Amino acid sequence: MPASVPHPHPATGEPFGSPVPPGVGWPGDPADGRTPAASTPGDVERLAGAADLDGVQAASSVCRACPRLVAWREEVAVTKRRAYAGEPYWGRPVPSFGDPAARLLVVGLAPGAHGANRTGRLFTGDRSGDWIVAALHRAGLATQPTSVDAADGLALVGARMVAPVRCVPPDNKPSTAERHTCAPWLRRELALLPDVRAVLALGAIGWAATLDAARDAGWAVPRPAPRFGHGATAELTRADGRTVTLVGSYHVSQQNTSTGRLTESMLDAAIAVAVGAAGAR
Ligand code: SF4
């Protein structure tokens, strides 16, 4: 889909079409015009398997291997929400965000339609981002409590956030095949983050994706598979014998936070368990 009429970036004022082509100056864009774009599940396996951490960031941000999700992320980027009609939308897969030496990995679900799919950075520009970033800041893992756009100066220290499905899915529901197609990006990233000692899984899909990626990476995973729950924990063992603690939390979706299913104190408690296991600060 060709990029739409350019609009100014809300922070930098630079004009961008939507979706944003790689390498045109979007804050934090890891790709450029030469970055190879996967167009099949086999391409994802091949490109992820050969990439270093920067390579995973770049190649995953231009991936086109799931036709339904490519169409949806670009449609959302063009039609926009009325409140953001004058802004450019990233409209591409959203790579991980945070510290390459992270001891704590936060595994979510997928980019928000008008959050990360607009801003190009995970948990940025919507209510879910407000919740998790404020909580990470309370825990000493984020340099500021807000996450507005990709040029706002936010950095994570000792923590990193990743989506097991990197493109926004219709109704927030990726298919099983789409989850499977996207899995090699997370699997490779886990292998390239040797300092990770704890994973905070936001929701059952993040929990299951972490277990799948750990198994695929040759880690020892308890049997039967540990069940997701808020505050649930499981011990995973990397191939080198080091332990990684998986901690479950209800997702920071507006559906959970606005109904009180997930409160700030519940989220803080789950993060405290993960931080304790990770020694992340
Ligand atoms: S969901 Fe993952 S595998 Fe599918 S197109 Fe997006 S980045 Fe590629």
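Above this text sits the structure in question.
Residues numbered from 1 in each chain as written. Predicted model: local features only at pLDDT ≥ 70, side-chain atom pairs only at ≥ 80, totals over all residues.

Looking only at helices and strands, the protein features nine helices and eight strands. At 18 Å, the protein has a C-alpha radius of gyration in line with the 19 Å of a compact globule built from 281 residues. Within the protein, the fraction of its 281 residues that count as buried is 51%. Relative to all contacts within the protein whose residues are 6 or more apart in sequence, the contacts with residues 24 or more apart total 66%. (Helix = DSSP H or I, 4+ residues; strand = E, 2+ residues; numbered from the N terminus. Rg over C-alpha atoms; globule rule 2.2 N^0.38 Å. Buried ≥ 20, exposed ≤ 12 C-beta atoms within 10 Å, placed from the backbone. Contact = placed C-beta atoms within 7 Å.)

Across the interface, helix α1 (residues 41-50) lies against helix α6 (residues 176-191) with an axial gap of 8 Å and an inter-helix angle of 5 degrees. By the angle between their axes, α1 is roughly parallel relative to α6. Between α1 and α6, the residues in contact are P41, V44, E45, A48 and G49 and T181, P184, W185 and R188, respectively. (Axes fitted to C-alpha atoms, helices over the stretch in contact; angles between N-to-C directions. Parallel < 35°, antiparallel > 145°, perpendicular 65-115°, else oblique.)

A word on the site of the ligand. Close contacts around the ligand come from 15 residues, with C63, C66, P93, C167 and C182 the closest. Looking at the shell around the ligand, the elements that each hand over two or more residues are α3 (67-79) and α6. Taken together, the residues that form the shell around the ligand break down as ten nonpolar, two polar and three charged. (Near = placed C-beta within 6 Å. Nonpolar A, V, L, I, M, F, W, Y, C, P; charged D, E, K, R; others polar.)

What follows covers the pairing of strand β8 (residues 243-249). Within a regular strand, the side chains alternate between the two sheet faces. Among the seven residues in β8, five count as buried, and that is most of the element. As paired strands, strand β6 (residues 198-202) and β8 are joined by five bridges and run parallel to one another. Residue pairing in the sheet places L202 in a bridge with S249 of β8. Inspection of the sheet shows strand β7 (residues 233-237) paired to β8 by five bridges, in the antiparallel sense. The residue of β8 that forms the bridge with L236 is V244. Taken together, β7 and the strand that follows it, β8, pair antiparallel across an intervening segment of five residues, in which G241 is found at a positive phi of about 95 degrees. (Pairing = 2+ DSSP bridges.)

Moving on: the sheet that holds strand β4 (residues 104-107). Strands sit in the order β3-β5-β4-β6-β8-β7 across an open sheet of six strands; the sheet is mixed. A single partner strand is all that each edge strand has here, and the edge strands are β3 (97-98) and β7. Where β3 lies against strand β5 (residues 159-162), two bridges are found, and the strand directions are antiparallel. Bridge pairing in β5 links G98 to R160.

Look at helix α9 (residues 264-278): 21 Å from first C-alpha to last across 15 residues, which is about the 21 Å you get at 1.5 Å a residue. Taken as a whole, α9 has its buried residues at L267, A270, I271, A274, V275, A277 and A278. Buried residues along α9 cover an arc of 160 degrees about the axis, so they all sit on one side. Close packing links the buried residues of α9 with β4, α5 (127-138), β6 and β8. Of the residues one or two after α9, G279 is the one with positive phi, at around 60 degrees. (Expected span 1.5 Å × (residues − 1). Arc of directions from axis to C-beta.)

Turning next to the nonpolar core. The biggest cluster of nonpolar side chains holds 85 residues, and the ones touching the most others in it are L104, V106, A198, V199, L200 and A274. With seven residues, α9 is the single largest residue contributor to this core. Residues within four places of L200 in sequence aside, it is in contact with L104, V106, V247, S249, A270, I271 and A274. (Core = buried A, V, L, I, M, F, W, Y, C linked by C-beta atoms within 7 Å.)

Okay, unusual backbone geometry next. For the peptide bond that leads from S18 to P19, omega is -5 degrees, which places it in the cis range. Counting through the fold element by element, P19 comes out in the loop between β2 (15-16) and α1. P224 follows R223 through a cis peptide bond whose omega is -5 degrees. Relative to the helices and strands, P224 is located in the loop between α7 (204-216) and β7. Phi is positive for K80, close to 60 degrees, though the residue is something other than glycine. The backbone of D171 sits at a positive phi, close to 60 degrees, despite the residue not being glycine. Relative to the elements of secondary structure, D171 occurs in the loop between β5 and α6.

The two faces of β4 match: L104 and V106 on one face and L105 and V107 on the other face are all buried. When β4 meets β5, the two strands line up parallel, connected through four bridges. Note on β5: the bridge partner recorded for V107 is V162. The pairing of β4 with β6 spans four bridges and is parallel. Looking at the pairing, V107 lines up with A201 of β6.

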